[in-house]
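Structural overview for review
As a plain string of letters, each chain reads:
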Amino acid sequence: RRNPRRHRVLGGGWVTTDEIGLPPFMEDLPPTARLCWRFLDDADRPATTHELAVWCRTSQRVVRKALVDLDEEGLAERTGQTEGGRPRWRRTGPE
(Lines give C-alpha, C1' and ligand atoms only; values in the text may rest on other atoms or scores of the structure.)
Protein backbone atom coordinates (compact mmCIF):
# COMPACT_ATOMS: atom_id res chain seq x y z
CA ARG A 1 0.00 0.00 0.00
CA ARG A 2 1.29 3.41 -0.90
CA ASN A 3 1.42 6.19 1.62
CA PRO A 4 -1.02 9.04 1.15
CA ARG A 5 0.60 11.59 -1.12
CA ARG A 6 0.06 15.24 -1.65
CA HIS A 7 -1.30 16.40 -5.00
CA ARG A 8 -1.34 19.94 -6.32
CA VAL A 9 -4.73 20.85 -7.79
CA LEU A 10 -6.21 23.72 -9.77
CA GLY A 11 -6.18 26.88 -7.73
CA GLY A 12 -2.74 26.19 -6.31
CA GLY A 13 -3.82 24.17 -3.28
CA TRP A 14 -2.60 20.80 -2.06
CA VAL A 15 -4.66 17.77 -1.10
CA THR A 16 -3.70 14.31 0.10
CA THR A 17 -5.01 11.08 -1.36
CA ASP A 18 -7.12 10.60 1.79
CA GLU A 19 -8.70 14.05 1.39
CA ILE A 20 -9.71 13.23 -2.17
CA GLY A 21 -11.86 10.41 -0.77
CA LEU A 22 -10.78 7.52 -2.96
CA PRO A 23 -12.22 4.02 -2.52
CA PRO A 24 -9.90 1.18 -1.38
CA PHE A 25 -9.60 -0.40 -4.84
CA MET A 26 -7.67 2.70 -6.02
CA GLU A 27 -4.78 2.25 -3.56
CA ASP A 28 -2.44 0.51 -6.01
CA LEU A 29 -2.82 3.04 -8.83
CA PRO A 30 -0.35 5.90 -9.42
CA PRO A 31 -1.25 9.32 -7.95
CA THR A 32 -2.16 10.93 -11.28
CA ALA A 33 -4.49 8.04 -12.13
CA ARG A 34 -6.21 8.58 -8.78
CA LEU A 35 -6.69 12.28 -9.46
CA CYS A 36 -7.97 11.65 -12.99
CA TRP A 37 -10.46 9.10 -11.66
CA ARG A 38 -11.70 11.57 -9.03
CA PHE A 39 -12.12 14.30 -11.65
CA LEU A 40 -14.04 11.93 -13.95
CA ASP A 41 -16.15 10.79 -11.00
CA ASP A 42 -17.17 14.38 -10.21
CA ALA A 43 -17.56 15.54 -13.82
CA ASP A 44 -21.04 15.93 -15.28
CA ARG A 45 -19.77 14.98 -18.74
CA PRO A 46 -16.83 13.13 -20.34
CA ALA A 47 -13.54 15.06 -20.16
CA THR A 48 -10.60 15.52 -22.52
CA THR A 49 -6.99 14.87 -21.63
CA HIS A 50 -6.41 18.64 -21.79
CA GLU A 51 -9.12 19.31 -19.18
CA LEU A 52 -7.69 16.60 -16.93
CA ALA A 53 -4.14 17.94 -17.33
CA VAL A 54 -5.24 21.44 -16.33
CA TRP A 55 -7.13 20.17 -13.28
CA CYS A 56 -4.32 17.83 -12.18
CA ARG A 57 -1.67 20.46 -12.95
CA THR A 58 0.44 18.03 -14.95
CA SER A 59 1.28 17.30 -18.58
CA GLN A 60 -1.09 15.69 -21.05
CA ARG A 61 1.45 12.90 -21.52
CA VAL A 62 1.21 11.96 -17.82
CA VAL A 63 -2.60 12.15 -18.00
CA ARG A 64 -2.68 9.89 -21.06
CA LYS A 65 -0.60 7.30 -19.17
CA ALA A 66 -2.93 7.60 -16.18
CA LEU A 67 -5.96 7.09 -18.43
CA VAL A 68 -4.37 3.99 -19.97
CA ASP A 69 -3.81 2.65 -16.44
CA LEU A 70 -7.46 3.36 -15.55
CA ASP A 71 -8.65 1.79 -18.81
CA GLU A 72 -6.64 -1.38 -18.13
CA GLU A 73 -8.24 -1.62 -14.67
CA GLY A 74 -11.72 -1.07 -16.16
CA LEU A 75 -12.17 2.26 -14.34
CA ALA A 76 -12.34 4.62 -17.35
CA GLU A 77 -13.13 4.38 -21.04
CA ARG A 78 -13.00 6.46 -24.21
CA THR A 79 -16.39 7.78 -25.23
CA GLY A 80 -15.72 9.44 -28.57
CA GLN A 81 -14.04 12.63 -29.68
CA THR A 82 -14.51 16.38 -29.66
CA GLU A 83 -14.91 18.29 -32.92
CA GLY A 84 -11.15 18.87 -32.86
CA GLY A 85 -10.42 15.16 -32.65
CA ARG A 86 -9.50 15.03 -28.94
CA PRO A 87 -10.68 11.85 -27.23
CA ARG A 88 -13.15 12.17 -24.37
CA TRP A 89 -12.98 9.92 -21.32
CA ARG A 90 -15.55 8.93 -18.73
CA ARG A 91 -15.43 7.01 -15.50
CA THR A 92 -16.59 3.38 -15.39
CA GLY A 93 -16.22 0.56 -12.94
CA PRO A 94 -17.25 0.04 -9.33
CA GLU A 95 -18.95 2.75 -7.32
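Below you will find a few notes about this structure.

Basis of the calculations
- Residues numbered from 1 in each chain as written.
- Predicted model: local features only at pLDDT ≥ 70, side-chain atom pairs only at ≥ 80, totals over all residues.
- Heavy atoms only, no water.
- Core = buried A, V, L, I, M, F, W, Y, C linked by side-chain atoms within 4.5 Å.
- Buried < 20%, exposed > 50% of the residue type's maximum accessible area, 1.4 Å probe, protein only.
- Helix = DSSP H or I, 4+ residues; strand = E, 2+ residues; numbered from the N terminus.
- Contact = heavy atoms within 4.5 Å.
- Pairing = 2+ DSSP bridges.
- Patch = residues over 30% accessible without salt bridge, like charges linked within 9 Å, V, L, I, M, F, W, Y side chains within 5 Å.
- Areas by Shrake-Rupley, 256 points an atom, 1.4 Å probe, with all protein chains shown as cover.
- Salt bridge = Lys/Arg side-chain N within 4 Å of Asp/Glu carboxyl O.
- Lys, Arg positive; Asp, Glu negative; His and termini not counted.
- Charge placed at Lys NZ, Arg CZ, Asp CG, Glu CD.

Our focus in this paragraph is the nonpolar core. Within the largest apolar cluster, 19 residues are counted, with the highest numbers of intra-cluster contacts made by Cys36, Leu40, Leu52, Leu67 and Leu70. Every element with two or more residues in this core is listed here: α2 (31–42), α3 (49–56) and α4 (60–72). The biggest single contributor to this core is α2, with 6 residues. If sequence neighbours within four positions are ignored, leucine 67 has contacts with Leu40, Thr49, Leu52 and Trp89.

So, on to the sheet that holds strand β5 (residues 87–91). Taken together, the 3 strands give an open sheet; going across it, the order is β3-β5-β4, and neighbouring strands pair in antiparallel fashion. One side of each edge strand has no neighbouring strand; the edge strands of this open sheet are β3 (47–48) and β4 (76–81). Where β4 meets β5, 4 bridges bridge the pair, whose relative direction is antiparallel. Across the sheet, the residue bridging to alanine 76 is arginine 91, located in β5.

A cluster of like negative charges, contributed by Asp28, Asp71, Glu72 and Glu73, occupies part of the molecular surface. If you trace the backbone, aspartate 71 turns up in helix α4.

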